[in-house]
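So the chains spell out like this:
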Amino acid sequence: MNFISTLAILVLLNGLIGCTQDSKNHLIQFNGSTMGTRYTIKIIDLPSNLNPDTLAKEITQQLKSINHLLSTYQADSELSQFNQNPSTDWISVSSPLVTVIQKAQEISALTQGAFDITVGVLVNLWGFGPHLYQPSIPTPAQIQAAKQKVNFELLDIRDSPPALKKEQGDMYLDLSGIGKGYGVDQIAELLASKNIHNYLVDIGGEERIKGHNSKDQPWKIAIQQPRAGIPKAAYTLERTSGAIATSGDYQNYFDYKDNRYGHIINPKTGWPTPYQSASVTVLSTTAMEADALATGLYVLGIDKAIALAEQSQIPALFIIQSEQGIQKQASSYFPYNKILK
Ligand code: FAD
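Report follows, based on the coordinates. These numbers come from a predicted model, not from an experiment.

Some thoughts on the overall build of the protein chain
For step 1, the next point in the chain: Scanning the protein chain for helices and strands turns up nine helices and 18 strands.
For step 2, the next point in the chain: Its C-alpha radius of gyration of 20 Å places the protein chain within 12% of the 20 Å reference for a compact globule of 341 residues.
For step 3, the next point in the chain: Projected onto its principal axes, the C-alpha coordinates of the protein chain cover approximately 70 × 50 × 40 Å.
For step 4, the next point in the chain: Burial analysis of the protein chain (341 residues in total) assigns 50% to the buried set.
For step 5, the next point in the chain: Taking all contacts inside the protein chain whose residues are at least 6 apart in sequence as the whole, residues at least 24 apart take part in 59%.
For step 6, the next point in the chain: Carbon together with sulfur atoms contributes 50% to the accessible area of the protein chain, which is approximately 16,200 Å² in total.
For step 7, the next point in the chain: In the protein chain, the 27 positive side-chain charges and the 30 negative ones have mean positions that sit 5 Å from each other.

A closer look at the sheet that holds strand S5 (residues 91-92)
For step 1, the next point in the chain: In space, the three strands of this open sheet follow the order S5-S7-S6, with antiparallel pairing throughout. Only two strands of the sheet have a single partner each, and these edge strands are S5 and strand S6 (155-158).
For step 2, the next point in the chain: Against the sheet, helix H4 (residues 95-110) engages S6 and strand S7 (163-166), with an angle of about 130 degrees to S6.

Remarks on the site of the ligand
For step 1, the next point in the chain: In the vicinity of the ligand there are 26 residues, among which Met 35, Asp 174, Lys 180, Ser 247 and His 263 approach most closely.
For step 2, the next point in the chain: Between the ligand and Asp 291, the relevant distance is 3.1 Å, taken from an oxygen atom to a side-chain nitrogen or oxygen of the residue.
For step 3, the next point in the chain: Elements represented by at least two residues in the shell around the ligand include exactly helix H2 (52-70), helix H7 (179-193), strand S14 (259-265) and helix H8 (287-300).
For step 4, the next point in the chain: Its residues assigned to classes, the shell around the ligand comprises twelve nonpolar, nine polar and five charged.

Rules behind the numbers
- Residue positions are given per chain, counting from 1 as you read along its sequence in written order.
- This being a predicted model, a pLDDT of at least 70 is required before a residue's local features are given, and a value of 80 or more before pairs of side-chain atoms are given or counted; all residues contribute to the totals for chains, interfaces and linings.
- Water and hydrogen atoms were dropped before computing side-chain values, which therefore reflect all heavy atoms in the structure.
- Strands are runs of DSSP state E lasting at least two residues, helices are runs of H or I lasting at least four, and both sets are numbered from the N terminus onward.
- Only C-alpha atoms enter the radius of gyration; for comparison, a globular chain is expected to reach 2.2 Å times N to the power 0.38, where N is the number of residues.
- Three exposure classes are used, based on accessible area relative to the maximum for each residue type with a 1.4 Å probe and protein chains only: buried under 20%, partly exposed in between, and exposed over 50%.
- Throughout, a residue-residue contact means that at least one pair of heavy atoms, one from each residue, lies within 4.5 Å.
- All accessible-area figures derive from a Shrake-Rupley calculation using a 1.4 Å probe, and residue coverage is judged against the displayed protein chains alone.
- His is not counted here, nor are the chain ends, while Lys and Arg score as positive and Asp and Glu score as negative.
- One atom stands in for each charge, and that atom is NZ of Lys, CZ of Arg, CG of Asp or CD of Glu.
- A pair of strands is labelled paired if DSSP reports no fewer than 2 bridges between them.
- Axis lines are fitted to C-alpha atoms, over the contacting stretch for helices. Their N-to-C directions set the angle, which ranges from 0 to 180 degrees.
- Proximity is defined per residue: any heavy atom of the residue falling within 4 Å of a molecule or strand makes that residue near it.
- We define a polar contact as two N or O atoms separated by no more than 3.5 Å, with the added condition that, inside protein, one atom must be a possible hydrogen donor and the other a possible acceptor, whereas residues neighbouring each other in sequence contribute only through side-chain atom pairs.
- Side-chain classes follow a simple rule in which Ala, Val, Leu, Ile, Met, Phe, Trp, Tyr, Cys and Pro form the nonpolar group, Asp, Glu, Lys and Arg form the charged group, and the remainder, Gly included, forms the polar group.

As far as function goes, none of this settles anything; it's purely spatial.
Structure representation (structure tokens):
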């Protein structure tokens, strides 16, 4: 049975989560669905006191709670309840919700409103929210009306007791640009709390890593070519710690009358950022920060984004797919020496 023990053994838990063990390489891997996308968690050298099935259930539970906290796709999530509440008084919320929104507001200030979670009304108007719409172009009047509700400065935060206050009752917060990153961080912290020292956590491309892979080498992170279709790596980056997130327009868009419209909206214009088959990848200590920064830098566009990344010491890499091939531009803080391809 040595043969079997060195091959991957697939165990399906609850039909929701896949758990693969490769005992030769001390690798255990969990896969599943969450937040409208897929997640993968790789662990090397699981401590012997931990049971993989129990850990899988804890991970599933943690992800469920995060969805219940941050999802606009669940009508009963804490965020949806806040969005549905028309009050302009302080509304009590949980401390984790305040933590995520505080980080969002910090990135909004840094990117001068390019990242802005109050953009939700515009996201929904353009058909990229949780409700199914026939893709179409909103009228100027609709965009103008929606823009009145978009400005991160219309949202106040209180730490203790935790509460939020919106200046207009029909504002709509959308945490899809930061929530996957928060989820990645929460799972990473769960693993670290169990003395797991070598892991990779990925939710829909936002990742956090620690230690080494099954070959005792740094984790190898693929940065995709920013083009529609089957994902293909443009570059591979070696990392032993920290987080990485990528935002782009090449996966989530619609075509209408010869034009392509992506899901990342410029809160200032009310329009999707001009489609250019591009992506920006950001490194940070937390996935939540990398996730939000990547979206914000994408909205700013390459010149302003690189200038901000230089000024604020952000490791950022832009990739643009043109007919001539791939062009890239990075801030000087991006670790070029760790790129393998
Ligand atoms: P990112 O660049 O990380 O984020 C882009 C998203 O942020 C946009 O789609 C929009 O929602 C929002 N956004 C657009 N412009 C801005 C801006 N200027 N500033 C800030 N935000 C902006 N999707 C489903 O289809 N089904 C689900 O059940 C589902 N559940 C989810 C639950 C949670 C908790 C979260 C966080 C997301 C969920 N999603 C779901 C959304 C899905 O994961 C999104 O497509 C994804 O989060 C967008 O990630 P991205 O990496 O493609 O783009």
